[in-house]
Amino acid sequence: MPTLIVVGGPTASGKTTLAIDIARHYGTEIVSGDSRQFYREMAIGNARPDEEELAAAKHHFIADRSILEPLTAGKFAQEAMLRLEKIFRTNDRAVLVGGSGLYLRALCAGLDEFPEVTEGARTQVQKLLEERGLPGMQAELQRLDPVYFATVDQQNGRRLERALKICYSGGAPYSSFLGNRQQRTFQSIYLQPMIERSELYDRINRRVDLMDAAGLEAEAHTLFPLRELPALQTVGYQEWWPHFNGLCTRDRALELIKQNSRRYAKRQVSWFNRYDLYRPVGGVKEAIERIEKS
């Protein structure tokens, strides 16, 4: 069975270098699963691979579309599966790398497939919320899907709304759509670079300084008119908006980028440790040893 070598982990942890070293060892290609590196217009703030790194191994999904063409995790998985099929025709291994845990999981394990939410369902749920509030949504979900109602956080209005919209749109309980995932025809091996928290934070701070020197502020300024796009609600860009509006200094914007990047990295660490899938490796030699033993 073909093998997908998944290199995940927090920003600035050394994923790119490790992924390239593994890909070169096996003479294969790299699929980028970093949702912040898909877009051409976001070159500096996302720390995407440079020209030398891109030349070292063939990459997919790096700056291959416009920010005006957002790529969801589900759509990414669909497109990436097609790329992997081509890679696996000539190589029994491929590399997936990125810090966007949801996108990596979507490709490796799939996401539950739900019916498209109809406008009628949105209107129905909104009317229910306005007329009966949270208790009304709770009662309706209990009636339509007692199985999911027994497990969901019943105080989480957004989850109740989502479930009800699916019930109305699909004409079936929300829980009936859970677990309907496309089977994968490859096995996955999960690795992440080993790095101490203090070193990670130092790397993040230095990286931000390098981005600043490379022209991050100017890049962000060109994207300022598009700041409402979801792709720009991200660390490295959103901190500039108050500065451009005269609400904070340039130094404060850079300070916030460093601070928020460290917080983002902390959340990423929690994500990749959540499922006990990813094994830390000290470098490509240890990574190859783990791969060969799997």
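Look up: the structure comes first, before these words.
Everything quoted here is computed from the prediction, not taken from an experiment.

Draft legend 1. Spatial organisation of the packing of helix α5 (residues 119-144) against helix α7 (residues 157-170). It is the contact of α5 with α7, at a shortest axis distance of 9 Å, that shows an interaxial angle of 100°. By the criterion of interaxial angle, the relationship of α5 to α7 is roughly perpendicular. Judged by residue contacts, A121, R122, Q124, V125, L128, L129, L134, M137, Q138, E140, L141 and L144 of α5 engage G157, L160, E161, A163, L164, K165, C167, Y168 and S169 from α7. When grouped by side-chain class, the residues that make up the contact of α5 with α7 number 13 nonpolar, four polar and four charged.

Draft legend 2. A look at the environment of G120. Mapped onto the elements, G120 comes out in helix α5. With 49 residues separating them in the primary sequence, G120 and S169 have C-alpha atoms 7.9 Å apart.

Draft legend 3. Main features of the pairing of strand β4 (residues 93-98). Counting buried positions over the six residues of β4 gives six, a clear majority of the element. Here β4 shows no split at all, with R93, V95 and V97 on one side and A94, L96 and G98 on the other all buried. Sheet topology note: the strand β2 (residues 30-32)/β4 ladder contains three bridges and is parallel. Looking at the pairing, I30 lines up with V95 of β4.

Draft legend 4. Highlighting the side chain of Q138. Mapped onto the fold, Q138 is located in helix α5. Under the relative-accessibility criterion, Q138 is labelled buried at 17%. Separated by 2.7 Å, the side chain of Q138 and the backbone oxygen of Q154 make a polar contact. Excluding its chain neighbours within four sequence positions, the residues that come into contact with Q138 are F149, Q154, Q155 and L160.

Draft legend 5. Spotlight on the pattern of salt bridges. Enumeration according to the criterion identifies 13 salt bridges in this entry. For R122, the salt bridge is made with E119, and the minimal N-O distance between the two is 3.6 Å. With R122 and E119 both in helix α5 and three residues apart, this pair spans about one turn of that helix. Using a relative accessible area of 38% as the deciding quantity, one classes R122 as partly exposed. Put simply, D209 and K258 hold a salt bridge, and the shortest N to O gap is 2.9 Å. With a gap of 49 residues between them, D209 in helix α8 (residues 197-214) and K258 in helix α11 (residues 250-274) connect regions that are remote in the sequence. Among the ionic contacts, a cluster of salt bridges with common partners joins D64, R65, E79 and R83.

Draft legend 6. How the structure looks around the packing of aromatic side chains. Applying the stated criterion across every chain yields a total of 16 aromatic pairs. With centroids separated by 4.9 Å and ring planes inclined at 85°, the aromatic side chains of F272 and Y278 adopt a geometry described as edge-to-face. Across the pair, exposure class does not vary: F272 and Y278 are buried alike. Site record: aromatic cluster; members linked through ring pairs are F38, Y39, F61, F76 and Y103. Positioned above the aromatic ring of F61, the side-chain terminus of R83 is 4.3 Å from the ring centre. The aromatic ring of F224 is capped on one face by R227, whose charged end is 4.0 Å from the ring centroid.

Draft legend 7. Geometry of the pairing of strand β1 (residues 3-8). Counting buried residues in β1 gives six out of six residues, a clear majority hidden from the surface. Side chains of β1 alternate between two faces, with T3, I5 and V7 and L4, V6 and G8 buried alike. Inspection of the sheet shows β1 paired to β4 by six bridges, in the parallel sense. Bridge assignment links I5 to a residue of β4, and that residue is V95. In this sheet, strand β5 (residues 187-193) lies alongside β1 in parallel orientation, the contact comprising five bridges. Bridging from a neighbouring strand, V6 pairs with Y190 of β5.

Rules used throughout
Residues numbered from 1 in each chain as written. Predicted model: local features only at pLDDT ≥ 70, side-chain atom pairs only at ≥ 80, totals over all residues. Heavy atoms only, no water. Axes fitted to C-alpha atoms, helices over the stretch in contact; angles between N-to-C directions. Helix = DSSP H or I, 4+ residues; strand = E, 2+ residues; numbered from the N terminus. Parallel < 35°, antiparallel > 145°, perpendicular 65-115°, else oblique. Contact = heavy atoms within 4.5 Å. Nonpolar A, V, L, I, M, F, W, Y, C, P; charged D, E, K, R; others polar. Buried < 20%, exposed > 50% of the residue type's maximum accessible area, 1.4 Å probe, protein only. Pairing = 2+ DSSP bridges. Polar contact = N/O pair within 3.5 Å; in protein donor to acceptor, adjacent residues only side chain to side chain. Salt bridge = Lys/Arg side-chain N within 4 Å of Asp/Glu carboxyl O. Phe/Tyr/Trp six-rings, centres within 6.5 Å; stacked < 30°, edge-to-face > 60°. Lys NZ or Arg CZ within 6 Å of the ring centre and 35° of its normal.

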